[in-house]
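Coordinate analysis (summary)
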Amino acid sequence: MTLNKAVIKIRQRIKIRPSPTNEPAASWTGIDILNGIQIKTLTIIFKTIGCNWGKAGGCTMCGYVYDCASEPPTLEDYKTQLSRAMKKADKFSEFMVKIFTSGSFLDEQEIPCEARDVILKTLANDPRVIKVLVETRPNFVTEENVLHCTNILRNNPFELAFGLETSSDRIRRDSINKGFTFRDFVCAAKISKSHGATVKAYLMLKPPFLSELQALEDIVRSIDDAASYTDTISINLCNVQKGTLVEALWEKGQYRPPWLWSIVEILKKAKAVHSDLILMSDPVGAGSKRGPHNCKLCSSDVADSLRTFSLNQNPADLSKTNCECKELWKKVLELEDYTYGTPILE
Ligand code: SF4
Ligand SMILES: [Zn+2]
């Protein structure tokens, strides 16, 4: 069975529950850095008809495909989704808007051009919005649509974000089933930069079928490979989402989310080499069985240190916590290669 067939078999068992098409899938406020200064952010996950790649199978760890609308949202729906989300930033005097769709903002099959343009125009007309980020698969990036977006935004700061996951084509294909190559990413990044947009790459620590050490080394190498094409690299820590191949493996004891010590090690190593590159990691679900975790005693402190590092970019923030389980993690790095990636500890 191919990896895509295995993923699609799992997807077919999950029903998309009908939900209002004029409400975003999610929205929240937070903090990010822009030109070295902390700024407020509004993240909006628009509800669209969903990721076309994900609907045809898609990525082994992705449960976001189930956040999609059961029927296509209208232009009015998109306007209402935006205004509902923007209410959360009512009191902000300036902020950055991060747009995700659980798919690709630049895929015209997923989100119609009219809706895309209205969203960007609304943001361009709000003087409080100081930067806009949109996420897309690289294959939807063209000279024309990047230029079109930057024109609408009147050359205000614009960032394109890509779920690159790894610089290894083999891991992206055999562990993630991502459906594009490193070269595709490089092309899209170059187009983005040639039109003045900045580039953010998301990497994925520990997709399935890798030992803890292989996963750690993969991200260190990926940062080296992607650094010259990006302004920011954000490392997502694989968590066990519902209705995914990762969940099916986890239920059988064949997958464990990454240790938080691994990401600490990665960030320390990478920052020492790429001091100007912004490196971030938001440890979603840290400390839970489905999320990245160390032991119960230290997970939340280590997760906090990752958040602090992401905002300050100071490696000293990563060294403040210590715990006995670090020795256990070192043993896991040594031994998991002999079990072909099957976890030796919960
Ligand atoms: S990770 Fe992104 S590209 Fe992959 S299935 Fe999910 S939404 Fe689609
Ligand atoms: Zn611990």
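First, a word on what this report is: a plain description of the structure on this page.

Criteria and thresholds
- Residues numbered from 1 in each chain as written.
- Chains lettered and ligands numbered in written order.
- Predicted model: local features only at pLDDT ≥ 70, side-chain atom pairs only at ≥ 80, totals over all residues.
- Heavy atoms only, no water.
- Core = buried A, V, L, I, M, F, W, Y, C linked by side-chain atoms within 4.5 Å.
- Buried < 20%, exposed > 50% of the residue type's maximum accessible area, 1.4 Å probe, protein only.
- Helix = DSSP H or I, 4+ residues; strand = E, 2+ residues; numbered from the N terminus.
- Contact = heavy atoms within 4.5 Å.
- Donors = N, O, S within 2.8 Å, 3.2 Å for Na, K, Ca; no water.
- Tetrahedral: all angles 85-135°; square planar, octahedral: opposite > 155°, others 65-115°.
- Polar contact = N/O pair within 3.5 Å; in protein donor to acceptor, adjacent residues only side chain to side chain.
- Near = heavy atom within 4 Å.
- Nonpolar A, V, L, I, M, F, W, Y, C, P; charged D, E, K, R; others polar.
- Phe/Tyr/Trp six-rings, centres within 6.5 Å; stacked < 30°, edge-to-face > 60°.
- Lys NZ or Arg CZ within 6 Å of the ring centre and 35° of its normal.
- Axes fitted to C-alpha atoms, helices over the stretch in contact; angles between N-to-C directions.
- Parallel < 35°, antiparallel > 145°, perpendicular 65-115°, else oblique.
- Salt bridge = Lys/Arg side-chain N within 4 Å of Asp/Glu carboxyl O.
- Pairing = 2+ DSSP bridges.

Concerning the nonpolar core
Ranked by internal contacts, the top residues of the largest apolar core, which has 76 residues, are Phe 185, Ile 223 and Ile 235. Of all the elements, helix α10 (residues 260-273) adds the most residues to this core, at 7 residues. Contact partners of Ile 223, with chain neighbours within four places excluded, come to Leu 203, Ile 233, Ile 235, Ile 266, Ala 270, His 274, Leu 277 and Leu 279. Ala 6, Cys 51, Met 61 and Val 246 belong to the second-largest nonpolar core, a separate cluster that totals 18 residues.

Examining the coordination of the zinc ion (ligand 2)
In an ideal tetrahedron of four donors about a metal, each angle is 109.5 degrees. In an ideal octahedron of six donors, the angles are 90 or 180 degrees. With distances of 2.3 to 2.4 Å, the protein atoms coordinating the zinc ion (ligand 2) are Cys 295 (SG), Cys 298 (SG), Cys 323 (SG) and Cys 325 (SG). Taken together, the 4 donor atoms coordinating the zinc ion (ligand 2) span angles of 99 to 117° at the metal, a pattern that classifies the geometry as tetrahedral. Counting gaps between the donor residues of the zinc ion (ligand 2) yields the pattern C-x2-C-x24-C-x1-C. Here Cys 298 is found in the loop between β8 (278-280) and α11 (299-312), whereas its partner Cys 323 is found in the loop between α11 and α12 (325-335), with 25 residues between them in sequence. Looking at Cys 298, the relative accessible area reads 3%, which means it is buried.

A look at the side chain of Thr 244
Looking at the element boundaries, Thr 244 is found in the loop between β7 (232-237) and α9 (245-251). With a relative accessible area of 1%, Thr 244 lands in the buried category. Within the structure, Thr 244 has its side chain in polar contact with the backbone oxygen of Gln 241 (distance 2.7 Å). A distance of 3.0 Å separates a polar atom in the side chain of Thr 244 from the backbone nitrogen of Glu 247. Beyond its immediate stretch of four places on either side in the chain, Thr 244 contacts Ile 10, Thr 60, Met 61, Cys 62 and Gly 63.

Considering unusual backbone geometry
Despite not being glycine, Asn 177 has its phi angle at roughly 60°, a positive value. Residue position: Asn 177 is located in the loop between α6 (169-176) and α7 (182-194). You will see that Gln 313, though not glycine, has its phi angle at about 60°, which is positive. Take Gln 313: it is sitting in the loop between α11 and α12.

Observations concerning the site of ligand 1
Around ligand 1 sit Cys 51, Gly 54, Cys 59, Cys 62, Ser 102, Gly 103, Arg 137 and Lys 178, and those are all the residues in its vicinity. Its residues assigned to classes, the shell around ligand 1 shows 3 nonpolar, 3 polar and 2 charged.

Quick word on the packing of aromatic side chains
Working definition: an aromatic ring pair is given by the centre-to-centre distance plus the angle between the planes. Applying the stated criterion across every chain, the model contains 6 aromatic pairs. Aromatic pair Phe 162 and Phe 185: ring centres 5.8 Å apart, planes at 80°, arrangement edge-to-face. Residue Phe 162 is located in strand β5 (residues 158-165), and its partner Phe 185 is located in helix α7; the two are separated by 23 residues in the primary sequence. Given a relative accessible area of 0%, Phe 162 falls into the buried group. Members of the aromatic cluster, joined through ring pairs, are Phe 162, Phe 182, Phe 185 and Tyr 229. One cation-aromatic arrangement involves Lys 206 over Tyr 255; the distance from NZ or CZ to the ring centre is 5.5 Å.

Re the packing of α10 against α12
Their axes nearest at 10 Å, the elements α10 and α12 cross at an angle of 80°. Classified by the angle between their axes, α10 and α12 sit roughly perpendicular to one another. For the pair formed by α10 and α12, the contact residues are Trp 261, Ser 262 and Glu 265 on the first element and Cys 325, Lys 326 and Trp 329 on the second. Along the lines of polarity and charge, the residues of the contact of α10 with α12 split into 3 nonpolar, 1 polar and 2 charged.

Description of the pattern of salt bridges
Two side chains carrying opposite charge are able to pair once their charged atoms lie near each other. All chains considered together, the criterion is met by 21 salt bridges. Of the charged contacts in the structure, one is a salt bridge between Glu 108 and Arg 116, with a shortest N-O distance of 3.6 Å. On the basis of relative accessible area, Glu 108 is assigned to the partly exposed category, the value being 44%. Residue Arg 116 is classed as buried on the basis of its relative accessible area of 3%. Across the pair Asp 169 and Arg 172 runs a salt bridge, and its minimum N-O distance is 2.8 Å. Separated by 3 residues within a single helix, Asp 169 and Arg 172 lie in helix α6, roughly one turn from each other. If you follow the salt bridges from partner to partner, you end up with Glu 108, Arg 116 and Asp 117 in one network.

Regarding the pairing of strand β1 (residues 26-34)
Sheet analysis places β1 next to strand β2 (residues 37-45), joined by 9 bridges and oriented antiparallel. Looking at β2, one finds that Leu 34 is bridged to Ile 37. In this antiparallel pair of consecutive strands, β1 and β2, the connection spans 2 residues, and Asn 35 shows a positive phi of 50°.

In short, the description is geometric, and any link to function would need to be established separately.
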